[in-house]
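# Reading the structure
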Amino acid sequence: MPGYTQSIQNLMNELARLPGIGARSAERIAFHLLKQEPQEAMKLAEAIREVKTRIKHCSVCYNLTEQDPCGICADAGRDHSLVCVVEQPKDLLALESTGLYKGVYHVLLGRIAPLEESHPQDLTIDALVKRLEAGGIREIIMGTNPTVDGDGTALYIQNLIASRFPQVQVTRLARGLPAGSNIEYANKNILADAISGRQKM
Ligand SMILES: [Zn+2]
């Protein structure tokens, strides 16, 4: 896009790096922002600044939170011996929306995907091992997505737990979830069934 001033070009470049935004959309959004009143456009900048300064990962479960530990980890009313392992914070939110799960979580912040150069050491698996070493966990529920990579990740963690923590039971969310689907898009009833019908791996 030659001809734009440097600052407009910078804005379009940054917008075009966002997921799902191509060069065309970046141009359209940039000109929309230029047309807006300054205080209106700055709301977006402020929202980005706020989310990046206030939101962090819980030091226990890696959920996104404004307080550390997060509200779920700090809740004494939940079953801390039951840990559901999910790929992303949005999966945790989907499971929480069922209102049925009373355990706690561990967010991997990804999945093992060799083709995408995502390896076990890139995830929060070390932190999960530390939680297991600390004791008090009786069951790990693998809540990774029912995809090839999600299943592979679940299997990797199951093997790890079986070899180092044989006293800990490992279960998998029930197969009410369609294969290849994403937990974040599943409806509440299906997720509720997947939790209650979980099976030993
Ligand atoms: Zn937490």
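Scroll up to find the structure this text is about.
Only a predicted model underlies this, so the values are computations on that prediction, with no experimental measurement involved. (Residues numbered from 1 in each chain as written. Predicted model: local features only at pLDDT ≥ 70, side-chain atom pairs only at ≥ 80, totals over all residues. Heavy atoms only, no water.)

## As for the coordination of the zinc ion
This is how the line gets drawn: Coordination here is defined by N, O and S atoms within 2.8 Å of the metal (3.2 Å for Na, K and Ca), and since water is not considered, a site can look incomplete. The rule is simple: four donors are tetrahedral if all their angles sit between 85 and 135 degrees, four are square planar and six octahedral if opposite donors span more than 155 degrees and the others lie between 65 and 115, and anything that fits none of that is irregular. We count a stretch as a helix when DSSP gives it H or I for four or more residues in a row; a strand needs E for two or more, and each element gets its number in order from the N terminus. Buried residues are those whose accessible area, probed at 1.4 Å on protein chains only, stays under 20% of the maximum for their type, while exposed residues exceed 50% and partly exposed ones sit between those limits.
Only Cys58 (SG), Cys61 (SG), Cys70 (SG) and Cys73 (SG) from the protein reach the zinc ion as donors, at distances of 2.3 Å. For the zinc ion, the 4 donor atoms are set out with angles of 104 to 115 degrees between them, so the coordination reads as tetrahedral. When the donor residues of the zinc ion are listed from N- to C-terminus, their spacing reads C-x2-C-x8-C-x2-C. Note that Cys58 is positioned in the loop between β1 (56-57) and β2 (64-65) and Cys70 in the loop between β2 and β3 (79-86), a separation of 12 residues in sequence. Residue Cys58 is classed as buried on the basis of its relative accessible area of 0%.

## Describing the environment of Ala192
Operational definition: Whether two residues touch is decided by their heavy atoms; if any such pair falls within 4.5 Å, the residues are in contact.
Following the sequence through the fold, Ala192 ends up in helix α7 (residues 188-196). Of the residues examined, Ala192 reaches a relative accessible area of 14% and is grouped as buried. For Ala192, the contacting residues outside a window of four places in its chain are Thr98 and Leu100.

## Re the environment of Glu27
Mapping Glu27 onto the fold places it in helix α2 (residues 23-35). As for Glu27 and Gln6, which are separated by 21 residues in sequence, their C-alpha atoms are 14 Å apart.

In short, geometric facts, not functional conclusions.
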